[in-house]
Amino acid sequence: MQYYNQNTLIYLNGKFVKATEAGIDLFGQSLHYGYGAFEGLRAYSTHNGTRIFKAEAHFDRLQKSCEAIQLPYTWNNRQLIESTYELLEVNNLRSAYIRPLVYSGSNMHLTSSEEAHIMIAAWEWGPYLGHNLLRVNLSEFERPNPKSFHIEAKISGQYINSILASSDALKKGFDEALLLDQEGYVAQASSENLFIEKDFKIYTPPLGNIFPGITRQTVIDICKQLGFDIIEKKLTIEDIYSADSAFLSGTAAEIIGIQQVDHIIYKEDWENTIGSSIQKKYKNLVLEQENYEVII
Ligand code: PMP
């Protein structure tokens, strides 16, 4: 996958510069220790023009992630959002995945940094896990322990856990991994939140041991709006295996149904599930097509 070419511009500390010409400090803590924070947003081409979905929520979370690890955050989020729209324009992107990253300056100590930089890049990217129903497996890797990490923050180094779990799932012939939390409950996927449907109700793990996805909250809001019961509850492996259907949520993956967890294949036709209705509603929401039916 090519994320940029000779002409691609990125936003770097207040300026638009060529991606190929942006230097990188080889003595930065972000590179060595994963001491950085990032976000993932999506811009959609809507009938109202290009619109970044929930831009404020994402930049607020970026700021909170930096504060959680004492990485200086000296930028104004409103200005960053404006610059992100400009970035899309200068790169001729109507719909895109957007990646802001805050990274540290030179410092080889294991102490918090006094210097931070921001870069924002954007590229065209389809749904992260594709369009097909997923085959997922319960990973042998657990999610990071909330007592070891700020798991509510999007900190670069924490993603080694996601890389290990999803690579292992792919090696075993699955599409994505589900990870348990430190108490043995099923927490989420490597970079998506988890929902199951059982007896016409939707369940999802509560905040605490999971990453608080913005899409997860959108799904909860959609459920309430559509009158579906949505219950936040710790989920056991048995809950997952005995569900009627299940799906994942995330900015990159959007809403995507699960066909199979380990050896268990869900019998319910995805099109007949509540998840499928939520998936359609979500697409309408991001495309600002509240009153239209969309074909996924
Ligand atoms: N879990 C993890 C670990 C994530 O990194 C993400 C974001 N990619 C999500 C869940 C979903 O979060 P959001 O809906 O805010 O994109």
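As the structure is a computational prediction, the values presented were derived from the model and not from experiment. (Residues numbered from 1 in each chain as written. Predicted model: local features only at pLDDT ≥ 70, side-chain atom pairs only at ≥ 80, totals over all residues. Heavy atoms only, no water.)

Draft legend 1. Structural detail: the site of the ligand. Taken together, 15 residues lie around the ligand, and Tyr159, Gln188, Ile214, Thr215 and Thr251 are the ones closest in. Between an oxygen atom of the ligand and a side-chain N or O atom of lysine 154, the distance comes to 2.9 Å. Within the backbone of isoleucine 214, a nitrogen or oxygen atom sits 2.7 Å from an oxygen atom of the ligand. Across the shell around the ligand, the residue classes break down as three nonpolar, eight polar and four charged. (Near = heavy atom within 4 Å. Polar contact = N/O pair within 3.5 Å; in protein donor to acceptor, adjacent residues only side chain to side chain. Nonpolar A, V, L, I, M, F, W, Y, C, P; charged D, E, K, R; others polar.)

Draft legend 2. Examining the pattern of salt bridges more closely. Using the criterion set out here, one finds 10 salt bridges in the structure. For glutamate 254, the salt bridge goes to arginine 42, with nearest N and O atoms at 4.0 Å. Taken together, the residues span a long stretch of sequence, with glutamate 254 in strand 15 (residues 254-261) and arginine 42 in strand 4 (residues 41-46) at a distance of 212 residues. Residue class for arginine 42 comes out buried when judged on its relative accessible area of 6%. Between lysine 283 and glutamate 254 there is a salt bridge, and its shortest N-O distance comes to 3.4 Å. (Salt bridge = Lys/Arg side-chain N within 4 Å of Asp/Glu carboxyl O. Helix = DSSP H or I, 4+ residues; strand = E, 2+ residues; numbered from the N terminus. Buried < 20%, exposed > 50% of the residue type's maximum accessible area, 1.4 Å probe, protein only.)

Draft legend 3. Focus on the side chain of threonine 215. Within the secondary structure, threonine 215 sits in helix 5 (residues 214-226). On the basis of relative accessible area, threonine 215 is assigned to the buried category, the value being 4%. Of note is the side chain of threonine 215, whose polar atom sits 3.1 Å from the backbone nitrogen of threonine 251. Leaving out residues up to four positions away in the same chain, threonine 215 has contacts with Ser249, Gly250, Thr251, Ile255 and Tyr282. (Contact = heavy atoms within 4.5 Å.)

Draft legend 4. Fine view of the domain arrangement of the protein. Here the protein is partitioned into domain 1 (9-123) and domain 2 (134-286). Between domain 1 and domain 2, the C-alpha centre-to-centre distance is 26 Å. Each side of the interface is counted separately: domain 1 has 20 residues, and domain 2 has 19 residues. In total, about 1,700 Å² of surface goes out of reach between domain 1 and domain 2, with carbon and sulfur atoms giving 62% of it. Considering only the surface of domain 1 that becomes buried against domain 2, Phe38, Phe53 and Arg61 emerge as the three largest contributors, covering 35% of it. Where domain 1 packs against domain 2, one counts one salt bridge. If you look at where domain 1 meets domain 2, you find 10 residue pairs in polar contact (both at pLDDT 80 or more). Here the side of domain 1 that touches domain 2 takes five residues from helix 2 (residues 55-68), the largest share from any one element. Its residues assigned to classes, the side of domain 1 that touches domain 2 comprises 10 nonpolar, six polar and four charged. (Domains from an automatic or database assignment. Buried area = accessible area lost by both parts, 1.4 Å probe.)

Draft legend 5. Spotlight on the packing of aromatic side chains. Per the counting criterion, the structure on display carries 12 aromatic pairs. Here the aromatic residues Tyr3, Tyr97, Trp123, Trp125 and Tyr128 are joined through ring pairs into a cluster of three or more. When the ring centre of phenylalanine 174 is taken as reference, the NZ or CZ atom of arginine 135 above it lies at 5.1 Å. (Phe/Tyr/Trp six-rings, centres within 6.5 Å; stacked < 30°, edge-to-face > 60°. Lys NZ or Arg CZ within 6 Å of the ring centre and 35° of its normal.)

Draft legend 6. Focus on the pairing of strand 12 (residues 201-204). As judged from the three bridges shared by strand 11 (residues 193-198) and strand 12, these two strands associate in the antiparallel manner. Within strand 12, the residue paired with lysine 198 across the bridge is lysine 201. Linking strand 11 back to strand 12 in an antiparallel pair, the connection comprises two residues, with aspartate 199 at a positive phi of about 50°. Strand direction decides the pairing type here: strand 12 and strand 13 (residues 229-232), joined by four bridges, are parallel. What sits directly across from lysine 201, in strand 13, is aspartate 229. (Pairing = 2+ DSSP bridges.)

Draft legend 7. Here's a closer look at the environment of alanine 177. Looking at where alanine 177 falls in the secondary structure, it is placed in strand 9 (residues 176-180). Sequence spacing of alanine 177 and valine 136 is 41 residues, and the spatial spacing of their C-alpha atoms is 5.4 Å. With residues near it in sequence (within four places) discarded, alanine 177 still touches Asn137, Ser139, Ala165, Ser166, Ala169, Gln188, Ala189 and Ser190.

Draft legend 8. Quick peek at helix 2. Given a rise of 1.5 Å per residue, 14 residues ought to cover 20 Å, and the 20 Å separating the end C-alpha atoms of helix 2 matches this to within 8%. Looking only at helix 2, the buried set comprises Ala55, His58, Phe59, Arg61, Leu62, Ser65, Cys66 and Ala68. A positive backbone phi angle near 55° is found at glutamine 70, which sits one or two residues after helix 2. (Expected span 1.5 Å × (residues − 1).)

Draft legend 9. View of the packing of helix 2 against helix 3 (residues 77-90). Their axes nearest at 10 Å, the elements helix 2 and helix 3 cross at an angle of 125°. Relative to helix 3, the element helix 2 lies oblique. The hand of the helix 2/helix 3 crossing is right-handed. Contacts between helix 2 and helix 3 involve Ala55, Glu56, Phe59, Asp60 and Gln63 from the first element and Asn77, Leu80, Ile81 and Thr84 from the second. Here the residues of the contact of helix 2 with helix 3 are counted per class, giving four nonpolar, three polar and two charged. (Axes fitted to C-alpha atoms, helices over the stretch in contact; angles between N-to-C directions. Parallel < 35°, antiparallel > 145°, perpendicular 65-115°, else oblique. Left-handed = near helix turned anticlockwise from the far one by under 90°.)

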